[in-house]
Structure formats: C-alpha cells, structure tokens
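Residue strings, one per chain:
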Amino acid sequence: MWHAYLVSRFPSSAERVEEAEVLVFGVPFDATVDFLPGTRFGPRIIREAANFIEPFDVELQKNVLEEVKIFDLGDLEPCRGRAEETVKRVEEQVKEFIKLKKMPLMLGGEHLISLGAVRAFGKEIKVVCFDAHYDLKEVWEGSEYAHNTWLRRAAEVVGERNICLIGVRTGDEFEFEYSKKMLVNPSIEELANFAKDSKVYLTIDMDVFDPAYAPGVGTPEPFGMVPSYALPLIELIAKVGKIAGMDVVEVRPLEDRKTEILAARLIFKALLYIKG
C-alpha cells in the first residue's frame, strides 16, 4: 500500500469531503498589502508547519486528528489585481461549505479575504477579530477593498454591535471613533456576554501577537499580545457560543519559522476547543 507524505496538505483525518467536519482551504492573496508583501505564501507555510508539530495536545490530552474530521481542499484561486473579485470567490466557496454543513477553516493570505467569509454567513453571525489594527478605514489608496478596510465592509453586513475586536493597539483617530460602536478589547465577562448563545466567526490576524512571537506578518506592531493570553479567550468563545467558521491570516515567510508554527498550533488548539 502506498502511504503519501504531503507537507503541502494540512494534516487531515478525513479521506473525502463527505466525512469531514472541517474543510480547510487557503487563499494565497496579498495584492492590497502596502508594507511587507509575502502573505500569499501563508497557506503553504502554515500547512508545512502543521505537519511538523504534534497533533496531540498535552494540556487537553487529546489528539486533534482523532477528535476532529479534517479535510484539506487545497487553495482557492484568487483573482490577481482584483481584490473585490477575490472576496466574491471566497464568499461563494464558503456558502458552499455552509450548505454542506461543514465548518470552513481558511488560511491566508491578507486579512481582506475574511470579508468574503463574513458575507457568506451574513447577518446570522457575530465576528470576533484578533488583530493589532482596527482595519476600519473607509477607503485606502482609492479602494474600499483592502487589508485595512475589510472590517468596515464587514460591519456593513453584520452591524457594528456584532463585532468584537481583541488586541487592537494602533489605528487612526477616525477608526478609533468608529470603533466606539463595537466591543473593543473586552473584559472576560464582556466577551462571554458577547459570544453567549451566538454563532461566531473567528478571525485571527497573526499581528495581534507581539513581533517577538510572530515576526512573520505583513504589518508588525510592537507591544502585542502574548500567545498564551489568547488561548483562554478562544476557549471561552467556543464554550459559551458556537464558532461556525474561522481563519488565520497575515502570515508571511521568515527564516525562523516562528509565526507559522504558532499559527498551526493555534489552529489545533482552536479545533479542540470547538470540539469540546
């Protein structure tokens, strides 16, 4: 019997889509990045890292590949130079997953791709976004579709009151004022009340973490979150609400491989929290 060893594929425990609970796909897109390009390679390097860390979680005493049926569909083809069309492609793909009653797990790629997933779920979803930045600009460099405008567009879908931002520490004064309509850097109690009995789309921009832990991002920002601080927050969201979809975005290659290893471990942890 032939046993394939594919580091280009996210570790999978299902042999076909029909068996899976979670469908993984990448979106290798970074066309609107204005500082450090390379997040289009994020899906590839997260997959590689996920194949070189243990699927067994010592803390939870569970193996993610035994607990969760995962299937990797590969990458969605983006539309180079047409950000809005790429968002539309993500939306259409995630809608298909929703029809199949599968949880989408998207690997990025710049943060704009998250807008497509939020649009696919529509008003039924709340958004919890881990990010160093507000991403609430109205327009950036003449476009309404950019890595730092996406959450403004998402708010037009779900409403400001249905968005929670965690880890934000930079932005302009206009974003700051607009964000007052949202839940920003909440207490544990506030986060629990926000997510309770709700469908949640969880999006993690890796720049939420301090560059000491995640230097390989498109727009690093100092004085960031320690990774261990994020874990009980994700666990809480999964416990009191229902994480219906998630993504990990803004990972770009560096020689030290820190960022993608952290991203892969976060995904494994989150999936186990979601499974319960």
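Anything mentioned here points back to the structure above.
Along every chain, residues carry numbers that run from 1 in the direction the sequence is written. Only residues with pLDDT of at least 70 get local features here, since the model is predicted, and only at 80 or more are side-chain atom pairs given and counted; chain-wide, interface and lining totals rely on the full set of residues. Note that water and hydrogens are dropped before the side-chain values are worked out from all heavy atoms of the structure.

Student: Tell me what's going on with the environment of Phe71, and back it up with residues and numbers.
Tutor: Secondary-structure assignment places Phe71 in strand E4 (residues 70-75). Exposure classes here rest on a 1.4 Å probe applied to the protein chains alone. A residue is buried below 20% of its type maximum, exposed above 50%, and partly exposed in between. Residue classification places Phe71 among the buried residues on the basis of a relative accessible area of 14%. Sequence separation between Phe71 and Val24 is 47 residues; the distance between their C-alpha atoms is 6.1 Å. Whether two residues touch is decided by their heavy atoms; if any such pair falls within 4.5 Å, the residues are in contact. Setting aside anything within four residues of it in sequence, one finds Phe71 in contact with Arg9, Ser12, Ala14, Glu15, Arg16, Val17, Ala20, Val22, Leu23 and Val24. Numbering of helices and strands starts at the N terminus; helices are DSSP runs of H or I of at least 4 residues and strands are runs of E of at least 2.

Student: How would you sum up the packing of aromatic side chains? Please name residues and give values.
Tutor: Each aromatic pair joins two rings of Phe, Tyr and Trp (for Trp, the six-membered one) with centres within 6.5 Å, and gets the label stacked for planes under 30 degrees apart, edge-to-face for over 60, and tilted for any other angle. Scanning the model with the defined rule gives 3 aromatic pairs in all. The interplanar angle of 85° and the centroid separation of 5.9 Å between the aromatic rings of Phe10 and Phe268 together place this pair among those described as edge-to-face. Note that Phe10 is positioned in the segment before strand E1 (22-27) and Phe268 in helix H9 (residues 258-275), a separation of 258 residues in sequence. Taken individually, Phe10 and Phe268 each receive the classification buried, so the pair is uniform in this respect. Between Phe121 and Tyr201, the ring centres sit 6.0 Å apart and the planes meet at 50°, which makes this aromatic pair tilted. Taken as a pair, Phe121 in helix H4 (residues 113-121) and Tyr201 in strand E9 (residues 199-205) lie far apart in primary sequence, 80 residues in all. For Phe121, a relative accessible area of 7% gives the class buried. Only when the NZ of Lys or the CZ of Arg is both within 6 Å of the ring centre and within 35 degrees of the ring normal is a charge said to sit over the ring. Over the aromatic face of Phe194 sits the side chain of Lys126, whose NZ or CZ is 4.7 Å from the ring centroid. Lying across the ring of Tyr178, Arg152 places its NZ or CZ 3.8 Å from the centre.

Any functional reading would require information that these geometric values do not contain.
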